[in-house]
Amino acid sequence: MEIVKDVVCPFCGTLCDDIICYVENNHIVGTKNACRIGHSKFTHRDGAVRYTEPLMRENKKDDFKKVDWDTAIEKTAEILVNAKRPILYGFSATECHAHAYGMKLAEMVGGVVSNTAEVCHGPSVWALQDVGYPICTLGEVKNRADVVIYWGCNPMHAHPRHMGRYGVFARGFFRERGRSDRTLIVVDPRKTDTAKLADIHLQVEQHKDYELISAMRAVLKDFELQVDKVAGIPVELIYEAVDILKNAQFGILFFGMGVTQSKSKHRNIDNAIQLVVDLNAYTKFSLIPMRGHYNVNGFNQVCTWVSGFPLCVDYSRGYPRFNPGDTSVTDLLIRKEADAMLNIASDPGAHFPNKAVEGMAEIPLIAIEPHRTPTTELANIILPPAIAGVECEGTAYRMDGVPIELKKVIEPPEGVLSDREIMKKIIRKVKELL
Ligand code: SF4
């Protein structure tokens, strides 16, 4: 049995880089250090359908037929070139070179290109464009943080090793005792498994985070709250929490979907960013968004270098334009403006709002996807790639913006290409057709 060390987990934004994989006959038969989610990504599940050849069908009601790569790539290129408003979406579960080729392809076909941040931390991006981004790295949190807030996120379920590696339990340079050196505050309407570990659980009423943040900012600036409760929380508890934040040596605010996808969306985040800015008048405080997919951040980086904008980039006029709400893929689908879609490394069929999925069902859809998913059920063409971080290498960006090199652990199934190779082939064909 071969043992491969220092493998990077291609699942969540924690991007753990200490995984050990046990390999037998080109199969990963076991892992060490990975959480249950990471482990299941590395090991093949019995019964899971893995595509190893391109599949095509004219009509979405027909069965798929196996085709060769040349035919599938040619048809893909034709669809994209002939479309008036093509959209290219996904990208968050693949590596940065595939992103760069995706940007190039979008520019060539005059399409709109975007990633899963649209339905995730997009609102955080709109907020930081307004009011700034006082971020730090996870290493700083591990070594320095004595006050840790998880706001609207549940790392025990969604980023399982986050608290152990960085946020709470890790022993750091200035925090030698780990958990006992830190105060943990969790803000969530539910008593989640993360909240059960907190020193203070602020059980905010759903959709009332904006009020709570505003109250905390008021208390911080010595205003008196003239009510008994704000957002369902007794004001004494708010005073207590603000006192802890103010007296932190190094504080960190992690935040997730509970604030980006509830009412007020990006306004929750710009208020939270301003709370962090206000706190810096008294102490050192930072924030980090709990980015979801392991390389959702990477796409926003690449997209920004290439186009100047992080997502929702529209090349229909030949130059990049950015106007989320108008140039977002979800909105284009809901308004039935998009007339062809290429999806890569995400599963919008499972995770988009119903109206957007209806839009996907009505247009030609190409899915670059290794497994059978609700998206492939709606596809006309399936192009099966090697799995980045398992079967091919590349670069990914952790939630705090630190780039980490992904490893290739095993060979992909025979004949299967990496995402970037598939993108390159499509680009070559599109060039011929234009
Ligand atoms: S916490 Fe995230 S990156 Fe780390 S092993 Fe689990 S799924 Fe992978």
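Since we're looking at a predicted model, the values are computed, not measured.

1. What to know about the overall build of the protein
Of the regular secondary structure elements, the protein holds 17 helices and 21 strands. A compact globule built from 434 residues should have a C-alpha radius of gyration of about 22 Å, and the protein, at 23 Å, falls within 12% of that. When the backbone C-alpha atoms are referred to their principal axes, the protein occupies close to 70 × 55 × 35 Å. Partitioning the intrachain contacts of the protein with sequence separation of at least 6 by distance along the chain shows that 67% fall at a separation of at least 24. If you sum the accessible surface of the protein, you get close to 18300 Å²; carbon and sulfur atoms cover 49% of it. Across the protein, the centroid of the 52 positively charged side chains sits 1 Å from that of the 55 negatively charged ones.

2. Remarks on the packing of helix 3 (residues 96-109) against helix 17 (residues 419-433)
Across the interface, helix 3 lies against helix 17 with an axial gap of 8 Å and an inter-helix angle of 20°. By the angle class used here, helix 3 and helix 17 are roughly parallel. Considering only the axes of helix 3 and helix 17, their crossing is left-handed. Where helix 3 abuts helix 17, its residues His97, Ala98, Tyr101, Gly102, Lys104, Leu105, Met108 and Val109 lie against Asp419, Arg420, Met423, Lys424, Ile426, Ile427, Val430 and Lys431. Classifying every residue of the contact of helix 3 with helix 17 gives nine nonpolar, two polar and five charged.

3. Some details on the site of the ligand
Residues in close proximity to the ligand include Cys9, Phe11, Cys12, Leu15, Cys16, Ala34, Cys35, Gly38, Pro160 and Arg161, which together make up its full environment. Within the shell around the ligand, the residues separate by chemical class into eight nonpolar, one polar and one charged.

4. Here we look at the domain arrangement of the protein
According to the domain assignment, the protein consists of domain 1 (2-42), domain 2 (55-118 + 294-403 + 410-433) and domain 3 (122-289). Facing eleven residues of domain 1, the contacting portion of domain 3 comprises eight residues. Between domain 1 and domain 3, the buried area comes to about 710 Å², and carbon and sulfur atoms account for 58% of it. The three residues of domain 1 that bury the most area against domain 3 are Thr14, Cys16 and Cys35, which together make up 52% of that side's buried surface. Our count for the contact surface shared by domain 1 and domain 3 stands at three salt bridges. In this structure, arginine 165 engages aspartate 18 in a salt bridge whose closest nitrogen and oxygen atoms are separated by 3.0 Å.

5. Structural notes on the sheet that holds strand 3 (residues 27-32)
Taking strand neighbours across the sheet as the criterion, the three strands line up as 1-2-3 in an open arrangement whose pairing is antiparallel. Pairing within the sheet leaves two strands with one partner each, and these edge strands are strand 1 (2-7) and strand 3. Sheet twist, expressed as the mean angle between neighbouring strand axes with direction ignored, is 30°. By the bridge criterion, four bridges tie strand 1 to strand 2 (residues 19-24) in an arrangement that is antiparallel. Opposite isoleucine 3, over in strand 2, you have tyrosine 22 as the bridge partner.

6. Digging into the sheet that holds strand 13 (residues 250-255)
The strand order across the open sheet built from five strands is 10-9-8-13-14, with neighbouring strands paired in parallel fashion. The strands lining the two open edges of the sheet, one partner per strand, are strand 10 (200-202) and strand 14 (284-289). Averaged over all neighbouring strand pairs, the angle between strand axes comes to 15°, with direction disregarded. The pairing of strand 8 (residues 147-151) with strand 9 (residues 183-187) spans five bridges and is classified as parallel. Across the sheet, tyrosine 150 pairs through a bridge with valine 186, a residue of strand 9. Sitting on the sheet, helix 11 (residues 266-279) touches strand 13 and strand 14, and the angle it makes with strand 14 is about 155°.

7. Overview of the pairing of strand 2
The side chains of a regular strand alternate between the sheet's two faces. The pairing of strand 2 with strand 3 spans five bridges and is antiparallel. Directly across from cysteine 21, in strand 3, lies its bridge partner threonine 31. What sits between strand 2 and strand 3 in their antiparallel hairpin is a turn of two residues, with asparagine 25 showing a positive phi close to 50°.

Basis of the calculations
Residues numbered from 1 in each chain as written. Predicted model: local features only at pLDDT ≥ 70, side-chain atom pairs only at ≥ 80, totals over all residues. Heavy atoms only, no water. Helix = DSSP H or I, 4+ residues; strand = E, 2+ residues; numbered from the N terminus. Rg over C-alpha atoms; globule rule 2.2 N^0.38 Å. Contact = heavy atoms within 4.5 Å. Areas by Shrake-Rupley, 256 points an atom, 1.4 Å probe, with all protein chains shown as cover. Lys, Arg positive; Asp, Glu negative; His and termini not counted. Charge placed at Lys NZ, Arg CZ, Asp CG, Glu CD. Axes fitted to C-alpha atoms, helices over the stretch in contact; angles between N-to-C directions. Parallel < 35°, antiparallel > 145°, perpendicular 65-115°, else oblique. Left-handed = near helix turned anticlockwise from the far one by under 90°. Nonpolar A, V, L, I, M, F, W, Y, C, P; charged D, E, K, R; others polar. Near = heavy atom within 4 Å. Domains from an automatic or database assignment. Buried area = accessible area lost by both parts, 1.4 Å probe. Salt bridge = Lys/Arg side-chain N within 4 Å of Asp/Glu carboxyl O. Pairing = 2+ DSSP bridges.

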